[in-house]
Amino acid sequence: MLVDILTLFPGIFTGFISESLLAGAVRNGLLTVRLHNMRDWADDKHNTMDDTPAGGGAGMVLKVDRVVPSVEAVQAIDGDAGKLVMLTPQGRTLNQRIAESLAKERRLVLLCGRYEGFDDRVRQILNPDEISIGDYILNGGETAAMVLIETVMRLIPGVLGDRDSSKFDSFSNGNRLLESPQFTRPREYRGLQIPEVLLNGNHAAIEKWRQEQSQKLTRERRPDLFDRERE
Ligand code: ADE
């Protein structure tokens, strides 16, 4: 997958893409991430990207005549313009189903806002898929883009060491149960034991225990997951 990120702060992403699973995916050719500084498309000597809001009010607004050309230029780098995603608190809330659909794309172009947001005409002209990562306000779309990338990457075959290891994740493939608790050695720590059933090698009993724990945990903590229609 090819991921282009448009941001005013490309440096935010450098550690993120050079560590751990993501770095492995880049090394193995499963993922290419290209960072683009939107400021490169500002054409005045101060590289102005934002201006005061029409009608007054707090904060600054990202300018349509800077943002739109920058997105169009990045989309034109490749024959396939890709799926344009704008990270904004006004978007639909990211969930596993949306991630599964984005994981099928060949190219994602992620547009990260800052300040009070984009001039609304950016949305009107570019018609992006608007995605939020939750009902809270971040300083900008960069951290939201990282959440989106990480969630989508896990679903691309070969990115995880064990090809199947995201298949049974909570929320994957229609699974709406929380995962059962996990343990590893030592067998006892500060008086707390690993549940006996996990130590006796009876796979049917282990599976049954895990199912029960999943149900119990979900009922206690996230009863809404049972009730909710698949969004
Ligand atoms: N930008 C600011 N807050 C955001 C959020 N919650 N999700 C996506 N982008 C954002």
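Everything numeric in this text was worked out from a predicted model, so none of it was measured. Within any chain, residue numbers begin from 1 and follow the written order of that chain's sequence. Since the coordinates come from a predicted model, pLDDT governs what is reported: local features require at least 70, and pairs of side-chain atoms require 80 or more to be given and counted, while whole-chain, interface and lining totals use all residues. The side-chain quantities take in all heavy atoms of the structure and omit both hydrogens and water.

Q: When you look at the layout of surface pockets in this model, what are you seeing that I'm missing?
A: By rolling a water-sized probe across the atoms, one finds the places where empty space is left. Within this model, the largest pocket holds a volume of roughly 420 Å³. Taken together, 26 residues make up the lining of the largest pocket; nearest its centre are Leu 87, Thr 88, Pro 89, Glu 116 and Gly 117. If you list the elements that add at least two residues to the lining of the largest pocket, you get β5 (83–93), α5 (120–126) and β7 (129–132). What counts as a helix is a DSSP run of H or I of at least four residues, what counts as a strand is a run of E of at least two, and both are numbered from the N terminus. Counting residues per element, the lining of the largest pocket draws most heavily on β5, at 5 residues. Per-class residue counts for the lining of the largest pocket are 11 nonpolar, 9 polar and 6 charged. Whether a set of points on the 1 Å grid over the protein atoms alone is a cavity depends on a 1.4 Å probe fitting there but being unable to get out, while an open set qualifies as a pocket with protein on both sides within 12 Å along at least five of seven lines; lining residues are those with an atom within 4 Å of a point. Grid points are joined across faces, edges and corners, and a volume is the space filled by probe spheres set on the points. Three categories are distinguished: nonpolar for Ala, Val, Leu, Ile, Met, Phe, Trp, Tyr, Cys and Pro, charged for Asp, Glu, Lys and Arg, and polar for the others, with Gly belonging to the last.

Q: Quick question: what am I supposed to make of the environment of Trp 209 here?
A: Structurally, Trp 209 can be placed in helix α7 (residues 203–221). It is 8.6 Å that separates the C-alpha atoms of Trp 209 and Ser 180, two residues lying 29 residues apart in sequence. Residue contacts are defined here by distance: any two heavy atoms, one from each residue, within 4.5 Å place the two residues in contact. Once residues within four sequence positions are removed from consideration, Trp 209 is found in contact with Pro 181, Phe 183, Pro 195, Val 197 and Leu 198.

Q: Which parts of the structure should I look at to understand the domain arrangement of the chain?
A: A common way to report how large an interface is uses the accessible area buried once the components associate. Domains are outlined according to an automatic or database domain assignment. When the domains of the chain are assigned, the result is domain 1 (2–153) and domain 2 (176–230). Using C-alpha coordinates to define each centre, domain 1 is positioned 38 Å away from domain 2.

Q: Explanation requested: the site of the ligand in the structure shown.
A: The criterion for a residue being near a molecule or strand is simple. One of its heavy atoms has to lie within 4 Å of it. Taken together, Leu 87, Thr 88, Pro 89, Ile 131, Ser 132, Ile 133, Gly 134, Tyr 136, Ile 137, Leu 138, Gly 140 and Ala 144 are the residues near the ligand. At 3.0 Å from a nitrogen atom of the ligand is found a main-chain nitrogen or oxygen belonging to Ile 133. The contact in question runs from a nitrogen atom of the ligand to an N or O atom on the backbone of Tyr 136, over 2.8 Å. Surface accessibility in these figures is a Shrake-Rupley result with a 1.4 Å probe; residues are shielded only by whichever protein chains are displayed. Relative to its free-state accessible area of 260 Å², the ligand is covered by the protein chains to the extent of 96%. At a threshold of 2 Å from the grid points, most atoms of the ligand map onto the largest pocket. Looking at the shell around the ligand, the elements with two or more residues in it are β5 and β7. The element best represented in the shell around the ligand is β5, accounting for 3 residues. Here the shell around the ligand is composed, by residue class, of 8 nonpolar, 4 polar and no charged. Here a polar contact means two N or O atoms within 3.5 Å. Within protein one must be a hydrogen donor candidate and the other an acceptor candidate, and residues neighboring in sequence count only if both atoms are side-chain atoms. Any molecule with more than half of its atoms within 2 Å of a cavity's or pocket's grid points is regarded as sitting in that cavity or pocket.

Q: How should I be thinking about the sheet that holds strand β2 (residues 32–37) in this particular structure?
A: Across a sheet, paired strands are connected by hydrogen bonds in the backbone, their directions being either parallel or antiparallel. Taken together, the 5 strands give an open sheet; going across it, the order is β2-β1-β6-β5-β7, and neighbouring strands pair in parallel fashion. Among the strands making up the open sheet, the edge pair consists of β2 and β7. When the angles between neighbouring strand axes are averaged without regard to direction, this sheet yields 30 degrees. The pairing of β5 with strand β6 (residues 107–112) spans 5 bridges and is classified as parallel. Bridge pairing in β6 links Leu 87 to Cys 112. Strands β1 (2–7), β2, β5 and β6 of the sheet are contacted by helix α3 (residues 64–76), whose axis makes an angle of about 160 degrees with β6. Pairs of strands are assigned from DSSP output, requiring at least two bridges between the strands. With axes taken as lines fitted to C-alpha atoms, and helix axes fitted only over the stretch in contact, angles between N-to-C directions fall between 0 and 180 degrees.

Q: So what exactly am I meant to see when it comes to the pairing of β7 here?
A: Looking along a regular strand, one sees the side chains alternate between the two faces of the sheet. For every residue, the accessible area (1.4 Å probe, protein chains only) is compared with the maximum for its type, and the residue is labelled buried under 20%, exposed over 50%, or partly exposed between those bounds. Of the two faces of β7, the one lined by Asp 129 and Ile 131 and the one lined by Glu 130 and Ser 132 are each fully buried. As judged from the 5 bridges shared by β5 and β7, these two strands associate in the parallel manner. Residue pairing across strands places Leu 87 opposite Ile 131, the latter belonging to β7.

Q: Sorry, what's going on with the side chain of Gln 96 here?
A: With respect to the helices, strands and loops of the structure, Gln 96 is situated in helix α4 (residues 96–102). Sequence-distant contacts of Gln 96, defined by excluding residues within four places in its chain, comprise Thr 151, Leu 155, Phe 171 and Ser 172.

Q: Honestly, the side chain of Lys 63 in this entry has me stumped. Any pointers?
A: By secondary structure assignment, the location of Lys 63 is in the loop between β4 (61–62) and α3. A residue is classified by how much of its surface remains accessible, and Lys 63, at 18% relative accessible area, is buried. When sequence neighbours within four positions are dropped, the list of residues in contact with Lys 63 reads Thr 48, Met 49, Asp 50 and Asp 51.

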